[in-house]
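Remarks on the overall topology
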Amino acid sequence: MQENVAVVVEAAGIALAEGEYSQLLQAILYLGTQQAGDGFRNLFHNGQLDVWQRGTSFAGIGTTATYTADRWMVAGDSAGGTGVVTASRIAIPNPGAVPGNPNYSLRLAVTTTKSGTGCYLQQRVEDVGRTSGLKLTCSFFIAPGVLPTTGTVTVRQNFGSGGSADVTQSAAFTVSATGTKSLTFNIASVFGKTIGANSYLEVQIRFENTGTPTYDVTNLALEFGPYAGAYQRRPL
């Protein structure tokens, strides 16, 4: 019996802890909601930054979100709108040291120091109704150039052309060591909303340290349920 419990808990990507009896319930809830509707648990595309069709380095990015790695937009956040961040592909020297064995990370390097300096990356998941009323967990592996690193994850429901006003929620985070960070959100129901063409759910990960820090990010995932499972690669 105990072996069967262990199999279920570990299949959900939860580290098994002796005596933590709630883990089985957590695993059942997680596995019951893990599919993204297309056989993949991860709603993000290119979460391990393998595909860079536009190039592998982008300097002078200002406050306008700019596509870098496929599917990922990056922007700086600074008074005056001056280009303040460089985004580039970085090969991970020892992929086996990172969960999921990624080959690359996205490096965000702040290059201009001003009041309010920061940077963010974001991705949009098509069809705002797809995640209506559900619990989602956003997770990512980060190797920051400065500790502690502070930031905010913002989830924005956009209801498309001619649709209802956006619905936004945010959660702050602090990173005290290299590793995986996860945050869970209760997504509002779209019941009663007007949904137009090209609606989406946008997830923005913002880093807010002052100065000119760097942030290496990989294993980006957005999953149904209250827990971040083992990283799942999906195609574009």
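The structure reproduced in this document is the subject of the present report. Here the structure is a predicted model, which is why all the values come from computation and not from measurement.

Here we take up unusual backbone geometry. For residues that are not glycine, phi is negative in most cases, and the peptide bond is trans in most cases. The amide bond that connects Leu147 to the next residue, Pro148, takes the cis arrangement and shows omega of -5°. Here Pro148 shows up in the loop between strand S7 (135-144) and strand S8 (149-158). Although it is not a glycine, Asn46 sits at a positive phi angle of roughly 60°. Assignment of secondary structure puts Asn46 in the loop between helix H2 (22-32) and strand S1 (57-61).

The next thing to look at is the side chain of Ser199. Relative to the elements of secondary structure, Ser199 occurs in the loop between strand S10 (179-186) and strand S11 (200-207). With sequence-adjacent residues up to four places away left out, Ser199 is seen in contact with Glu126, Asp127, Val128, Asn158, Phe159 and Gly160.

All right, on to the packing of aromatic side chains then. This structure, assessed with the given rule, holds five aromatic pairs. Plain terms: the ring middles of Phe140 and Phe173 are 5.6 Å apart, the flat faces sit at 70° to each other, and that makes the pair edge-to-face. With Phe140 in strand S7 and Phe173 in strand S9 (residues 167-175), this pair connects stretches of sequence that are 33 residues apart. The two residues Phe140 and Phe173 agree in class, both being buried. Given the relative accessible area of 0%, Phe140 is considered buried. Following the ring pairs from residue to residue traces out a cluster consisting of Phe140, Phe173, Phe207 and Tyr215. Above the plane of the ring of Tyr104 lies Arg89, whose end atom (NZ or CZ) is 4.5 Å from the centre.

Conventions adopted
- Residues numbered from 1 in each chain as written.
- Predicted model: local features only at pLDDT ≥ 70, side-chain atom pairs only at ≥ 80, totals over all residues.
- Heavy atoms only, no water.
- Helix = DSSP H or I, 4+ residues; strand = E, 2+ residues; numbered from the N terminus.
- Contact = heavy atoms within 4.5 Å.
- Phe/Tyr/Trp six-rings, centres within 6.5 Å; stacked < 30°, edge-to-face > 60°.
- Buried < 20%, exposed > 50% of the residue type's maximum accessible area, 1.4 Å probe, protein only.
- Lys NZ or Arg CZ within 6 Å of the ring centre and 35° of its normal.

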